[in-house]
Amino acid sequence: MAEMIGPRLYSCCNCRNHIALHDDVISKAFQGRNGRAFLFSHAMNISVGPKEDRQLMTGLHKVADVYCSDCREVLGWKYEKAYEETQKYKEGKFILEKSKIVKENW
C-alpha cells in the first residue's frame, strides 16, 4: 500500500510550525530583508504586527510584519496597502523570507 503524503508546505525554520502551502506560492522572485523571498496568497499559524508605511524596492507600501504564532520568529510581512496602482495586486498577500522557512513533505 502506498504511503499517504500530505500537501507540500513550508514551515517555520525555528520550530517547524506549518506556515504556508506550496500551492499558495504566487512568485519566488521577491526580495526580502535578508535575501530571496516568496510571495504567498495565504499564510497560516502566524501573528500579524502593527501596520506601518515602509519604503520597499517597488515603492511605498503599508505593511505589517508577520511572526510564527508558536515561537514568534519574524518570517516576513503582509502587504496591507499599495500606494502605486501597479502594485495593488500585492494587497492582502504575504512575503515569507526563504531563509526563515523550510520545506515539508517534498
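Here's what I pulled together on the structure shown here.

About the cut-offs
- Residues numbered from 1 in each chain as written.
- Predicted model: local features only at pLDDT ≥ 70, side-chain atom pairs only at ≥ 80, totals over all residues.
- Heavy atoms only, no water.
- Pairing = 2+ DSSP bridges.
- Helix = DSSP H or I, 4+ residues; strand = E, 2+ residues; numbered from the N terminus.
- Axes fitted to C-alpha atoms, helices over the stretch in contact; angles between N-to-C directions.
- Core = buried A, V, L, I, M, F, W, Y, C linked by side-chain atoms within 4.5 Å.
- Buried < 20%, exposed > 50% of the residue type's maximum accessible area, 1.4 Å probe, protein only.
- Contact = heavy atoms within 4.5 Å.
- Phe/Tyr/Trp six-rings, centres within 6.5 Å; stacked < 30°, edge-to-face > 60°.
- Lys NZ or Arg CZ within 6 Å of the ring centre and 35° of its normal.

### Concerning the sheet that holds strand S8 (residues 94–97)
- As summarised here, the arrangement of the six strands in space is S3-S4-S8-S7-S6-S5, forming an open sheet in which the pairing is antiparallel. The open sheet has two edge strands with one neighbour each: strand S3 (25–32) and strand S5 (46–56). Neighbour-to-neighbour, the strand axes of this sheet turn through a mean angle of 30°, independent of strand direction.
- With nine bridges connecting them, S5 and strand S6 (residues 59–68) associate as antiparallel partners. Bridge pairing links serine 47 to tyrosine 67 in S6.

### Focus on the nonpolar core
- Ranked by internal contacts, the top residues of the largest apolar core, which has 13 residues, are Ile19, Phe40, Ile46, Val66, Leu75, Leu96 and Ile101.
- Where this core is concerned, the elements lending two or more residues are strand S1 (9–12), strand S2 (18–21), strand S4 (35–40), S6 and S8.
- In this structure leucine 75 touches Cys12, Ile19, Ile46, Val66, Tyr67, Cys68, Ile95, Leu96, Glu97 and Lys100, once residues within four positions along its chain are discounted.
- Core analysis: the second largest hydrophobic core is formed by eight residues, Ala37, Trp77, Tyr79 and Ile95 among them.

### Notes on the packing of aromatic side chains
- For the structure on display, the rule yields five aromatic pairs.
- With centroids separated by 5.5 Å and ring planes inclined at 80°, the aromatic side chains of tyrosine 10 and phenylalanine 40 adopt a geometry described as edge-to-face. In this pair, tyrosine 10 sits in strand S1 while phenylalanine 40 sits in strand S4, placing the two residues 30 residues apart along the sequence. Grouping residues by exposure puts tyrosine 10 and phenylalanine 40 together as buried.
- Plain terms: the ring middles of tryptophan 77 and tyrosine 79 are 6.3 Å apart, the flat faces sit at 80° to each other, and that makes the pair edge-to-face.
- Three or more aromatic residues joined by ring pairs form one cluster here, namely Tyr10, Phe38, Phe40 and Trp106.
- Its guanidinium or amino end placed over the ring of phenylalanine 38, lysine 28 lies 5.5 Å from that ring's centre, counting from NZ or CZ.
- The ring centre of tyrosine 67 lies 4.6 Å from the NZ or CZ of arginine 72, which sits over that ring.

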